Amino acid sequence: MITGELKSKIDKIWDTMWSGGISNPLVVIEQLTYLLFIKRLDELHTLKEKQANRTRKPLENPIFSEEQAALRWSRFKDMNADVMFATVRDQVFPFIKTLGQNTTDAEATQNTYSQHMKDAMFTMPSPRVLSNVVDQLDSIDMSDADTKGDLYEYMLGKIASAGQNGQFRTPRHIIKLMVDMTAPTPQDAICDPACGTAGFLVAAAEYLQAHHRTEIYRDANSTKRYIEDTFFGFDFDNTMLRIGSMNMLLHGVDNPDIRYKDSLAERGDNEGDDSETYSLILANPPFAGSLDYESTAKDLQRMVKTKKTELLFIALFLRLLQTGGRAAVIVPDGVLFGSSNAHKALREMIVEKHKLDGIVSMPSGVFKPYAGVSTAILFFTKTNKGGTDSVWFYDMQADGFSLDDKRNPQPDKSDLPDILQRWKERDGEAESQRKRTDKSFLVPKAEIAANDYDLSINRYKEVKHEKVTYDAPKVILERLAKLEEEITKGQKALKELIG
């Protein structure tokens, strides 16, 4: 988490672009993403130069040719504003858009991020703004990988706080909770089929770095697997693909498999079958709207006949997961108790054919101020042979922030540490003995089946009613009479005072 001077520098860069005429926060982050990518290319080229000098061998796979030296960040950053603007607009941007088409940038070709640059648009409003932003970005020491990632996450947070296009961004602390509860391992293939800014994948990468660093970097093969074969994300918004790829890159994952894909659409002729490919799915898919039957993947329609995106995504998760794979996904409450045949069939499928591990009911303010919908986190394991004996429920009442539109931090009011602790102990004696009035409790599968597979926590939670003793009516009437007498006396005194 960045604080102090670095935070102030980022705020100043944001203000510079905002006051310079870029009012859409998504455009701000996109332009900053391009500049960070350009800066990153120069850093990679510099590393190659140092390696060549150290080994006294020719430069391998240079990103910039000698004729393109002026396109390097380290060169144009010292140009005057007008020349810099013309260079970046007319030469650097065309250059990064063609990465992958030249024989000299073979390594860049393999990078996921460079594949998303072909649609890059230079929209810096003036030489002054560009020069100012370049100076400010250059003054930030990004040699530390954690700083790069935190810096970018802080920028992405501004998309949400600005109130545009951020309504779909899952709060970081909720993402972290889901990752901590699923505890990824270096053997996992982690997928978010609606990845957006890749928040779930970044959090999973941070978890792996914190808990399995030695195993990840044990040798060249394990490192390559971590960088290239661990993280998978899909989206059909090219801007989000660029931002998501950069987010991963700045968090130390140079080449995740993040690509353009409409996850719910019928596969194209050139698309391979990705069924049963991933071992862990983390997602908060869009759950508004309906699709046409014609445009939806036929195999998903065979699993559940519906147009509702939230149900189709759950069917997709089941299709994508390997047997034994697990999922933690955010769903609207309606998925848990909806009465349509599709709702019931999907819930029955998860409970009876697979293993429903747990449900965390979240308060409706978690996504405020952008949405007030009630949601829950669904945890399940694909088994193809059942396995649900009982389902663990938790009634989250506080997430460490106020539940109004302001979402002010309230660190002393958070159920998240308790949720994680009880989740780890859910198979123990203590959890099995908890009463339905507690925050967490277990519900047998038979009871869920008897309730038509209703998974709403309110169906099973018992509300403890406290006995309240009121005064007798006679006492209350006497109290009211006394108050009226006092009011009458006050009115009389007031009349005498004003004549």
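Reading the values: rules and limits
Residues numbered from 1 in each chain as written. Predicted model: local features only at pLDDT ≥ 70, side-chain atom pairs only at ≥ 80, totals over all residues. Heavy atoms only, no water. UniProt positions renumbered as here; feature names shortened; annotations may be inferred. Helix = DSSP H or I, 4+ residues; strand = E, 2+ residues; numbered from the N terminus. Buried < 20%, exposed > 50% of the residue type's maximum accessible area, 1.4 Å probe, protein only. Contact = heavy atoms within 4.5 Å. Areas by Shrake-Rupley, 256 points an atom, 1.4 Å probe, with all protein chains shown as cover. Lys, Arg positive; Asp, Glu negative; His and termini not counted. Charge placed at Lys NZ, Arg CZ, Asp CG, Glu CD. Pairing = 2+ DSSP bridges. Axes fitted to C-alpha atoms, helices over the stretch in contact; angles between N-to-C directions. Right-handed = clockwise from strand over helix to strand, strands pointing away. Core = buried A, V, L, I, M, F, W, Y, C linked by side-chain atoms within 4.5 Å. Left-handed = near helix turned anticlockwise from the far one by under 90°. Patch = residues over 30% accessible without salt bridge, like charges linked within 9 Å, V, L, I, M, F, W, Y side chains within 5 Å. Salt bridge = Lys/Arg side-chain N within 4 Å of Asp/Glu carboxyl O. pLDDT = per-residue confidence, 0-100. Expected span 1.5 Å × (residues − 1). Polar contact = N/O pair within 3.5 Å; in protein donor to acceptor, adjacent residues only side chain to side chain.

In the annotation of an unreviewed UniProt entry, the entry for the protein reads site-specific DNA-methyltransferase (adenine-specific), and the organism field reads Candidatus Thiothrix putei. The annotation that UniProt attaches to the protein under Sequence similarities (unreviewed entry) is "Belongs to the N(4)/N(6)-methyltransferase family."

> Describe the overall build of the protein, listing the residues and the values that go with them.
Per the secondary structure count, the protein includes 22 helices and 11 strands. A buried classification covers 49% of the 499 residues belonging to the protein. Partitioning the intrachain contacts of the protein with sequence separation of at least 6 by distance along the chain shows that 71% fall at a separation of at least 24. Accessible area for the protein stands at about 24,600 Å²; split by element, carbon and sulfur atoms hold 50% of it. The averaged location of the 74 negative side-chain charges in the protein is 2 Å from the averaged location of its 65 positive side-chain charges.

> Could you give an account of the sheet that holds strand S3 (residues 257-260), with specific residues and numbers?
Pairing within the open sheet is mixed, and its 9 strands lie in the order S3-S2-S1-S4-S5-S7-S6-S8-S11. For this open sheet the edge positions go to S3 and strand S11 (440-444), each flanked by a neighbour on one side alone. This sheet shows a mean twist of 15 degrees between the axes of neighbouring strands, independent of strand direction. Across 3 bridges, the pairing between strand S1 (residues 190-192) and strand S2 (residues 231-235) is parallel. For Ile 190, the partnering residue across the bridge sits in S2 and is Phe 231. Strands in contact with helix H9 (residues 172-182) are strand S4 (278-283), strand S5 (321-332), strand S6 (355-362), strand S7 (375-381) and strand S8 (390-395); relative to S5, the strand with the most contacts, it is inclined by about 155 degrees. Across the sheet, helix H18 (residues 416-424) lies against S6, S7, S8 and S11, angled at about 165 degrees from S8, the strand it touches most.

> An account of unusual backbone geometry is needed here, citing residue identities and associated values.
The phi dihedral of Ala 183 falls on the positive side, at around 45 degrees, and the residue is not glycine. Mapped onto the elements of the fold, Ala 183 is located in the loop between H9 and S1. For Ala 183, a relative accessible area of 29% gives the class partly exposed. Although it is not a glycine, Asn 384 sits at a positive phi angle of roughly 65 degrees.

> Tell me what's going on with the pairing of S3, and back it up with residues and numbers.
Sheet analysis places S2 next to S3, joined by 4 bridges and oriented parallel. In the strand pairing of S3, Asp 235 is matched with Tyr 260. You can see the chain leave S2, run along helix H13 (residues 238-250) and come back into S3, and the turn it takes is right-handed.

> Let's hear about the nonpolar core: which residues, and what values?
Formed by 50 residues in total, the largest nonpolar core has its most connected members in Leu 32, Ile 96, Met 124, Leu 130, Val 133, Leu 137 and Tyr 152. Listed by contribution, the elements that provide at least two residues to this core are helix H1 (4-19), helix H2 (25-55), helix H3 (73-76), helix H4 (81-97), helix H7 (127-138), helix H8 (145-161) and H13. No other element matches the 10 residues that H2 contributes to this core. If you look at the next biggest cluster of nonpolar residues, it comprises 46 residues, including Phe 313, Ala 342, Leu 378 and Phe 380.

> Got a sec to walk through the packing of H1 against H2? Specific residues and values, please.
Relative orientation of the contacting elements H1 and H2 amounts to 115 degrees, with a least axis distance of 11 Å. Seen from above, H1 lies across H2 with right-handed handedness. Residues Ile 13, Trp 14, Met 17 and Trp 18 of H1 form the contact with H2, whose participating residues are Pro 25, Val 28, Ile 29, Gln 31 and Leu 32.

> I'd like a rundown of a nonpolar patch on the surface, residues and numbers included.
A cluster of nonpolar side chains, contributed by Ile 476, Leu 477, Leu 480 and Leu 483, occupies part of the molecular surface with about 360 Å² of accessible area. Examined against the element boundaries, Leu 480 turns out to sit in helix H22 (residues 473-498).

> So what's going on with the confidence of the model for the protein? Residues and values would help.
Here the protein averages 87 in pLDDT, while 93% of its residues score no lower than 70. Low pLDDT, under 50, characterises residues 102-106; the stretch is placed with 8 contacts to residues that sit more than four places away or in other chains.

> How would you summarise the pairing of S7 if you had to cite specific residues and measurements?
Within S7, 7 of the 7 residues are buried, leaving the element largely enclosed by the surrounding structure. Every second residue of S7 is oriented toward a common face, with Thr 375, Ile 377, Phe 379 and Thr 381 on one face and Ala 376, Leu 378 and Phe 380 on the other, all of them buried. For S5 and S7, the ladder comprises 7 bridges, and the chain directions are antiparallel. Bridge pairing in S7 links Arg 326 to Thr 381. Strand direction decides the pairing type here: S6 and S7, joined by 7 bridges, are antiparallel. When the bridges of S7 are listed, Gly 358 appears paired with Phe 379.

> Describe H13, and please don't skip the residues or the numbers.
Each turn of an α-helix holds 3.6 residues, which means side chains three or four residues apart point in the same direction. Helix length check: H13, at 13 residues, gives a terminal C-alpha distance of 18 Å against a target of 18 Å (1.5 Å per residue), a fit within 8%. Where burial is concerned, most of H13 is hidden: 12 out of the 13 residues are buried. N-cap assignment for H13: the residue whose side-chain oxygen lies 2.9 Å from the backbone N of Thr 239 is Asp 237.

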